[in-house]
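Letter by letter, the chains look like this.
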Amino acid sequence: MNLKSALNLLLTSTFAVAALSAAPLSYTLSGGNNSLLADGASKTYTSGGVTLTITGWSLATSGSSFATGSLGLWSPGVGVCNDAERANCTSNSHTVDNFSGYDFVLFQFSAPVQGASISLATFGDTDASYWTSSTNFTASSLAGKTTNTLSSLGFGGMTTNSGGNVNRTVNISGTGITSILFGSALPTPDGTYDYFKISGVAGETCPPPGQVPEPSTFALLGGSLVGLSVAIRRRQRA
Ligand SMILES: [Ca+2]
Ligand SMILES: [Ca+2]
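Residues numbered from 1 in each chain as written. Chains lettered and ligands numbered in written order. Predicted model: local features only at pLDDT ≥ 70, side-chain atom pairs only at ≥ 80, totals over all residues.

**So, the overall build of the protein**
When helices and strands are tallied, the protein shows 2 helices and 14 strands. Across the 238 residues of the protein, 33% fall into the buried class. A fraction of 78% describes how many contacts in the protein between residues 6 or more apart in sequence connect residues 24 or more apart. (Helix = DSSP H or I, 4+ residues; strand = E, 2+ residues; numbered from the N terminus. Buried ≥ 20, exposed ≤ 12 C-beta atoms within 10 Å, placed from the backbone. Contact = placed C-beta atoms within 7 Å.)

**With respect to the nonpolar core**
The biggest cluster of nonpolar side chains holds 41 residues, and the ones touching the most others in it are Val105, Leu106, Phe107, Ile180, Leu181, Phe182 and Ile198. Residue assignment for this core shows that the elements contributing at least two residues are strand S1 (24-28), strand S4 (50-59), strand S7 (78-81), strand S9 (102-122), strand S10 (128-133), strand S13 (177-184) and strand S14 (195-205). Among the elements that line this core, the one with the most residues is S9, at 11 residues. Leave out the neighbours within four places in its chain, and valine 105 touches Ile54, Gly56, Val78, Val80, Val96, Phe182, Gly183 and Ile198. (Core = buried A, V, L, I, M, F, W, Y, C linked by C-beta atoms within 7 Å.)

**Here's the deal with the pairing of S10**
Taken across its 6 residues, S10 has 6 buried, putting it largely inside the fold. Residue alternation in S10 divides its side chains into two sets, Ala128, Tyr130 and Thr132 and Ser129, Trp131 and Ser133, and both sets are buried. As defined by bridge partners, S10 adjoins strand S11 (residues 159-161) across 3 bridges and the pair is classed as antiparallel. Directly across from serine 129, in S11, lies its bridge partner threonine 160. Pairing geometry for S10 and S13, over 6 bridges, is antiparallel. Across the sheet, residue serine 129 finds its bridge partner in S13, namely glycine 183. (Pairing = 2+ DSSP bridges.)

**Here we look at the pairing of strand S6 (residues 70-73)**
Here strand S2 (residues 35-36) pairs with S6 via 2 bridges, running antiparallel. Across the sheet, residue serine 35 finds its bridge partner in S6, namely leucine 73. Relative to S7, S6 is paired through 4 bridges, and the arrangement is antiparallel. Directly across from leucine 71, in S7, lies its bridge partner valine 80. Between S6 and S7, which pair antiparallel and follow one another directly, the connecting turn spans 4 residues, one of which, glycine 77, has a positive phi of 155°.

**As for unusual backbone geometry**
Of all residues except glycine, most have a negative phi; of all peptide bonds, most are trans. Residues serine 91 and asparagine 92 are joined by a peptide bond in cis, for which omega reads 0°. The omega angle of the peptide bond from leucine 186 to proline 187 is -20°, so this bond is cis rather than trans. Of note, proline 187 is situated in the loop between S13 and S14. Located in the positive-phi region is asparagine 34, a residue other than glycine, with phi close to 65°. Here asparagine 34 falls in the exposed class, since 10 other C-beta atoms lie within 10 Å of it.

Okay, structure coming up:
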């Protein structure tokens, strides 16, 4: 194998591995101009060819059904004004909070993701509760669901992630995730109300099913590396 063909093989196999690898995704939700969207209106963000669509939701009580809320695009991040808050949605009610009802944001990705994380900008305590789903559904399907019937949209059990009055990032485990329903803690685990804005979302794409890099791919890459080193040694001797 000459140096040129070894280099070509190395590049080809390297790109083959890269194409099957997870690609990073990052969505900045901070920097808004304090605009409040209409009740139930969505907002989209794009990263790495994957569209993130967000909508605002709330529960009036822990046992009631999900109702649409208004997303607020504030400088520190996204917040929610629910039916009870909307008439006077000033600080801190324009956060994702559980003072008057329980606010949530539904994150929906146009392709499955893994290694997701959600960054919080604190306005008080930052205890959070969330669910994840790998099922594709339209956001409006959430209306009327209770925490007991979220499973009909593919959501698993609720996870509560506790934190204090500090900006922080919540890591979401799981792969193949297409939806995350994330909000203020339900119920407040420590009796202290939670208030935060959501400043960003990150994660990575999932390799297509059945296309995880196989040993033969790495064998090809390893073989081309050996070929390249042999070619370089021959050239150095010449
Ligand atoms: Ca709120
Ligand atoms: Ca709390």
